Amino acid sequence: FFFGPLLTMPLTEVTNNSGVSSPQKSGAKREREMAPPSPNFWKKRRTDSMVLEEMADEKHDLVTPPETMDWLIDAIKAKGDKLFKLDDEFMTNFKDAEPPFGFNGLGQLVYARTYSRIKPDGTNEKWVDTIQRVVEGVFEVQKVYCTEVLKTSWDETKAQTAAQDMFDRMFHMKFLPPGRGLWAMGTSIVRDKGLGAALNNCAFVSTEDVTKDPARPFVFLMDASMLGVGVGFDTEGAGKLMVHQPKEPKATHVVGDTREGWVESLRVLLNSYFVEGSSKTEFDYSQIRPAGLPLKTFGGFSSGADPLKDMHERICGVLEKNVGSTMTVTTIVDIMNLIGKCVVAGNVRRTAEIAFGNANCEEFLNLKNYEANPHRAEYGWTSNNSVFAEVGMDYVLASENIQKNGEPGFAWLDNMQSFSRMRGRPDHRDHKVKGGNPCLEQSLESMELCCLVETFPNHHEDLEDFKKTLDMAILYAKTVTLITVHWPATREVMYRNRRIGCSVSGIAQFITSKGLHTLQKWLEAGYFHLFQEDRKISKFFKVPNSVKLTSVKPSGTISLLCGATPGVHYPESRFYIRRVRMAKNFPMLQKLKEAGYTVEPAVGSEESTVVVEVPVDVGNGIRGVAEVSMWEQLCLAAFMQRHWADNQVSATVTFDPEKEGPQIAHALQYFQYQLKGISFLPRHDFGAFPQMPYEAIDEEKYKKELAHITALPFADTDGLPPRTRSTIQDQEDTTHKMEDAFCDGDKCIMPTRK
């Protein structure tokens with residue numbers, strides 16, 4: 001296919017062939033030219049959307065998808081070793097290569113703290129080791145899938161060429177998998193345990209059909225959250241399910257010391273209230289290991305049974321208040337939030353949730369009004385709350401709430417169901433969508449998971465190089481869709497949709513260096529290229545074409561690794577101090593001090609945690625977010641929704657509460673036709689709080705801070721223990737919970753707003 005002429009064609013272009021004004025014509029001739037075009041005209045003149053629709057309808061042979069991960073696990077057990085390895089000679093080229101970590105050592109620090117795993121010899125991975133493990137894991141999955149599922153041959157030579165290209169582009173950070181991919185791909189999490197869900201970023205579950213299996217939405221959220229997946233949920237089940245009083249005598253349930261055991265205990269508890277005639281449950285926690293013991297699979301240390309006990313007791317309290325009537329909006333969100341609180345305390349550290357409610361539901365809008373709902377103050381922070389907005393609605397009341405605390409956010413469900421990229425022509429390809437993920441860059445059906453992958457256009461010299469990176473990025477994401485998940489309902493929707501989210505980050509840097517018009521050309525050409533490549537890969541693997549391909553994620557630690565601005569967001573300022581919190585016994589601290597970095601005790605956690613300060617220069621000419629108006633931020637989000645994201649654009653628009661706050665309702669009236677989701681955050685001066693994660697500084701202070709810092713040796717991850725960051729981090733200090741925010745880490749986490 002050749003799409004060149006289509007890339008810049010307006011969607012409804014009907015100009016004459018000459019493109020110039022015609023001389024004055026007779027009345028009859030002028031009337032003929034003003035008449036509506038004939039049907040044959042539209043047959044000859046197709047828009048880009050029409051071409052994509054035709055490509056989307058192309059069919060190819062499909063294979064029956066496997067229901068378990070036995071095809072991979074058994075093959076690995078039989079071999080007893082890696083089934084795919086990068087060529088040794090190729091790898092020697094990178095033995096002494098220095099990774100392009102960004103932001104004056106910040107990227108390297110984040111990598112060492114967050115993604116460097118322990119190796120069999122007891123040392124920690126270097127960047128080259130991590131990327132090798134990930135790439136070999138990807139191609140191992142492909143190889144076994146081809147030989148065991150498709151029963152076809154495997155071309156080792158072609159695979160080696162592709163794997164080397166993927167390695168090179170990951171190593172030089174032209175694209176990266178999500179943080180959970182850096183952490184889990186190629187490890188026992190996938191190879192031995194078959195936990196494919198751990199490679200996916202986020203999910204959504206609806207309570208709409210809660211009467212069919214009352215506990216399922218809540219159980220799904222807990223299970224997914226414990227695997228590090230952020231989950232969105234709705235309140236559509238309110239008013240549908242009667243809550244009953246459990247009967248005596250009590251039935252004892254022994255809680256297993258596994259993720260499955262904790263999740264099953266929630267199911268048993270909920271069903272005792274949801275299924276009429278059920279016995280009251282008494283839990284036996286004796287099998288749960290004591291607090292402080294190491295966790296092998298995901299790292300960190302066990303929390304003991306206390307967080308689970310607390311969740312059980314509090315959920316019982318919530319349901320007791322609801323006995324004798326149908327489940328309310330508040331009850332649904334309370335239960336989901338209490339699950340999130342348990343997962344946080346249970347040593348997954350933080351979970352991401354987003355609650356969706358009706359825009360006209362006063363009960364939902366007041367959930368974070370802790371004067372009206374004081375009982376929610378302890379756990380209401382675990383979810384960001386958004387409303388399902390309707391085009392044409394009155395935005396005044398919601399906008400007034402936003403000016404106070406930044407909530408609710410908005411999700412236009414009809415736009416999500418009707419449009420791919422928002423270019424004026426609905427295609428209804430995603431008409432089964434029910435909601436979205438916590439960062440709202442993915443439209444999702446109920447029980448659906450999604451895998452994101454992040455590209456960095458500003459790290460490329462030209463468009464052709466960017467296209468080659470897109471080839472590898474989609475190959476990674478599509479490979480993840482081959483890996484089976486353990487929920488049958490999720491398998492069904494994921495096998496059908498094969499949804500992925502190929503994202504772009506560093507947008508502010510690209511606009512500053514290359515211009516908005518060049519960005520538009522790259523996005524358009526890149527999207528068409530991805531569309532074609534998806535068809536090729538899908539045909540090769542005999543799986544359905546992906547229902548959606550692109551998104552813009554907010555990014556977090558991944559963008560820090562390579563020195564990119566996160567997603568579509570502008571930085572705090574060109575120059576700033578980035579503060580990173582870590583355990584006091586982190587082995588790299590002494591080297592950081594010797595290199596000249598400021599390291600000081602964390603205020604409020606002096607005995608366990610320290611704060612490291614890193615001076616950052618985002619790039620010449622780039623503006624800080626305070627210099628970018630609310631309206632321009634909205635325009636950029638709409639620009640990305642039109643030219644790139646067929647899923648969604650995750651954008652949090654910061655605004656001046658006094659000057660721009662009163663304009664929010666007016667802005668939404670215009671942008672409701674151009675966006676699928678948006679959130680707002682009032683811009684306040686937090687300078688009164690000590691050790692904030694970001695502190696804007698001027699160039700003079702930046703140079704002064706940088707003058708006494710020497711570069712860290714890039715191999716300094718040697719000897720670090722695995723998952724140091726999960727040991728004694730700042731779990732008790734919510735002031736800094738925005739530090740590693742968003743859905744790209746090894747776990748999906750969100751900044752909290754109280």
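What you see is a predicted model; the values in this text were computed from it and never measured.

A. Structural view of the nonpolar core. Of all hydrophobic cores here, the largest spans 196 residues; its most connected members are F410, Y476, M640, W644, I678 and F680. Here the element with the most residues in this core is helix 7 (residues 127-149); it accounts for 12 residues.

B. Quick look at the packing of aromatic side chains. Per the stated rule, a full pass over the model turns up 28 aromatic pairs. Judged by centre distance (5.1 Å) and plane angle (65 degrees), the ring pair of F94 and F171 falls under edge-to-face. On the criterion of sequence distance, the pair formed by F94 in the loop between helix 5 (88-92) and helix 6 (106-114) and F171 in helix 8 (residues 156-171) is long-range, its members being 77 residues apart. Taken individually, F94 and F171 each receive the classification buried, so the pair is uniform in this respect. Above the plane of the ring of W183 lies R117, whose end atom (NZ or CZ) is 4.0 Å from the centre. The ring of F531 has R535 lying over it, and the distance from NZ or CZ to the ring centre is 4.0 Å.

C. Structural view of the environment of F541. For F541, the location among the structural elements is in helix 21 (residues 516-541). For F541, a relative accessible area of 1% translates into the label buried. Residues F541 and V63 lie 478 residues apart in sequence; the distance between their C-alpha atoms is 8.2 Å. Beyond its immediate stretch of four places on either side in the chain, F541 contacts V63, Q142, Y145, C146, L150, L475 and L482.

D. Expanded view of the pairing of strand 17 (residues 677-682). Most of strand 17 sits out of view: five of its six residues are buried. Alignment of strand 8 (residues 409-412) against strand 17, held across two bridges, turns out to be antiparallel. Across the sheet, the residue bridging to F410 is I678, located in strand 17. As judged from the four bridges shared by strand 16 (residues 652-655) and strand 17, these two strands associate in the parallel manner.

E. Inspection of the environment of E264 at higher detail. Residue position: E264 is located in helix 12 (residues 259-274). With 42 residues separating them along the chain, E264 and M222 place their C-alpha atoms 9.8 Å apart.

F. Representation of helix 25 (residues 664-671). What helix 25 keeps buried is the set I664, A665, A667, L668 and F671. Down the axis of helix 25, the buried set is contained in an arc of 160 degrees. They therefore lie on one face. Away from its buried face, by an angle of more than 90 degrees, helix 25 presents the exposed residues H666 and Y670.

G. The sheet that holds strand 14 (residues 598-601), seen in detail. The strand order across the open sheet built from four strands is 14-15-13-18, with neighbouring strands paired in antiparallel fashion. Whereas interior strands pair on both sides, the edge strands pair on one side only; in this sheet they are strand 14 and strand 18 (694-696). Taken over all neighbouring pairs, the strand axes of this sheet differ in orientation by 25 degrees on average, direction set aside. Inspection of the sheet shows strand 13 (residues 575-583) paired to strand 15 (residues 609-617) by nine bridges, in the antiparallel sense. Bridging across to strand 15, F575 finds its partner in D617. This element, helix 6, spans strand 13 and strand 15 of the sheet and lies at about 20 degrees to strand 13. Packing against the sheet, helix 26 (residues 699-707) makes contact with strand 13, strand 14, strand 15 and strand 18, and its axis sits at approximately 120 degrees to strand 15.

H. Quick look at the side chain of N415. Within the element layout of this structure, N415 appears in helix 17 (residues 413-418). Judged by its relative accessible area of 5%, N415 is buried. If we skip the residues at most four places from it in the chain, N415 touches V391, M422, Q672, L675 and K676.

I. Expanded view of the packing of helix 20 (residues 507-514) against helix 21. Helix 21 packs onto helix 20 with a crossing angle of 120 degrees between their chain directions and a minimal axis gap of 7 Å. Relative to helix 21, helix 20 is oriented oblique. Along the contact surface, helix 20 presents I507, F510, I511 and K514, while helix 21 presents L516, T518, L519 and W522. By residue class, the composition of the contact of helix 20 with helix 21 is six nonpolar, one polar and one charged.

J. Spatial organisation of the packing of helix 24 (residues 630-643) against helix 25. Interhelical geometry of helix 24 versus helix 25 gives an angle of 20 degrees and a closest axis separation of 11 Å. What the angle tells us is that helix 24 and helix 25 run roughly parallel. Both helix 24 and helix 25 take part in a crossing whose hand is right-handed. Contact with helix 24, carried on its side by M630, W631, L634, C635 and A638, involves I664, H666, A667, Y670 and F671 of helix 25 and no other residues of that element. Here the residues of the contact of helix 24 with helix 25 sort into nine nonpolar, one polar and no charged.

K. Broad picture of the pairing of strand 8. The side-chain alternation of strand 8 yields two buried faces, one formed by G409 and A411 and the other by F410 and W412. As judged from the four bridges shared by strand 7 (residues 383-389) and strand 8, these two strands associate in the parallel manner. By the bridge assignment, S386 is partnered in strand 8 with G409.

L. Region of the structure containing the side chain of S573. Within the secondary structure, S573 is located in the loop between helix 22 (557-562) and strand 13. For S573, a relative accessible area of 12% translates into the label buried. Here the side chain of S573 touches F575 through a polar contact of 2.3 Å, landing on its backbone oxygen.

M. A look at the pattern of salt bridges. This model, assessed by the stated rule, comprises 39 salt bridges. R499 is the salt-bridge partner of D430, the closest N and O atoms lying 2.7 Å from each other. Of this pair, D430 sits in the loop between helix 17 and strand 9 (435-436) while R499 sits in the loop between helix 19 (488-497) and strand 12 (500-504), and the two are 69 residues apart along the sequence. Of the two residues, D430 and R499, neither departs from the other in class, the shared state being buried. We note a salt bridge from D534 to K478, for which the minimum N-O separation is 2.7 Å.

N. How the structure looks around the environment of D284. The topology assignment puts D284 in strand 5 (residues 279-284). On the basis of relative accessibility, which here comes to 27%, the residue D284 falls in the partly exposed class. With 28 residues separating them in the primary sequence, D284 and G256 have C-alpha atoms 9.2 Å apart. Those residues in contact with D284 that sit more than four places away from it in its chain are T252, H253, V254 and V255.

O. Structural detail: the confidence of the model for the protein. Scored by pLDDT, the protein comes out at a mean of 87, with 85% of its residues at no less than 70. Low pLDDT (under 50) marks residues 1-26, which in the prediction has 30 contacts with non-local residues, meaning those over four places away or in another chain. This stretch, residues 718-742, has a pLDDT under 50; its non-local contacts, to residues over four places away or in other chains, come to 100 contacts.

P. Structural view of unusual backbone geometry. Of the consecutive residues E248 and P249, the connecting peptide bond is found in the cis state with omega at 0 degrees. Within the secondary structure layout, P249 lies in strand 4 (residues 247-254). A cis amide bond links E407 with the next residue in sequence, P408, at an omega value of 10 degrees. With respect to the element layout, P408 can be found in the loop between helix 16 (396-405) and strand 8. Look at F103: it is not a glycine, yet its phi comes out positive at around 60 degrees. Structurally, the position occupied by F103 is in the loop between helix 5 and helix 6.

The rules behind these values
Residues numbered from 1 in each chain as written. Predicted model: local features only at pLDDT ≥ 70, side-chain atom pairs only at ≥ 80, totals over all residues. Heavy atoms only, no water. Core = buried A, V, L, I, M, F, W, Y, C linked by side-chain atoms within 4.5 Å. Buried < 20%, exposed > 50% of the residue type's maximum accessible area, 1.4 Å probe, protein only. Helix = DSSP H or I, 4+ residues; strand = E, 2+ residues; numbered from the N terminus. Phe/Tyr/Trp six-rings, centres within 6.5 Å; stacked < 30°, edge-to-face > 60°. Lys NZ or Arg CZ within 6 Å of the ring centre and 35° of its normal. Contact = heavy atoms within 4.5 Å. Pairing = 2+ DSSP bridges. Arc of directions from axis to C-beta. Axes fitted to C-alpha atoms, helices over the stretch in contact; angles between N-to-C directions. Parallel < 35°, antiparallel > 145°, perpendicular 65-115°, else oblique. Nonpolar A, V, L, I, M, F, W, Y, C, P; charged D, E, K, R; others polar. Left-handed = near helix turned anticlockwise from the far one by under 90°. Polar contact = N/O pair within 3.5 Å; in protein donor to acceptor, adjacent residues only side chain to side chain. Salt bridge = Lys/Arg side-chain N within 4 Å of Asp/Glu carboxyl O. pLDDT = per-residue confidence, 0-100.

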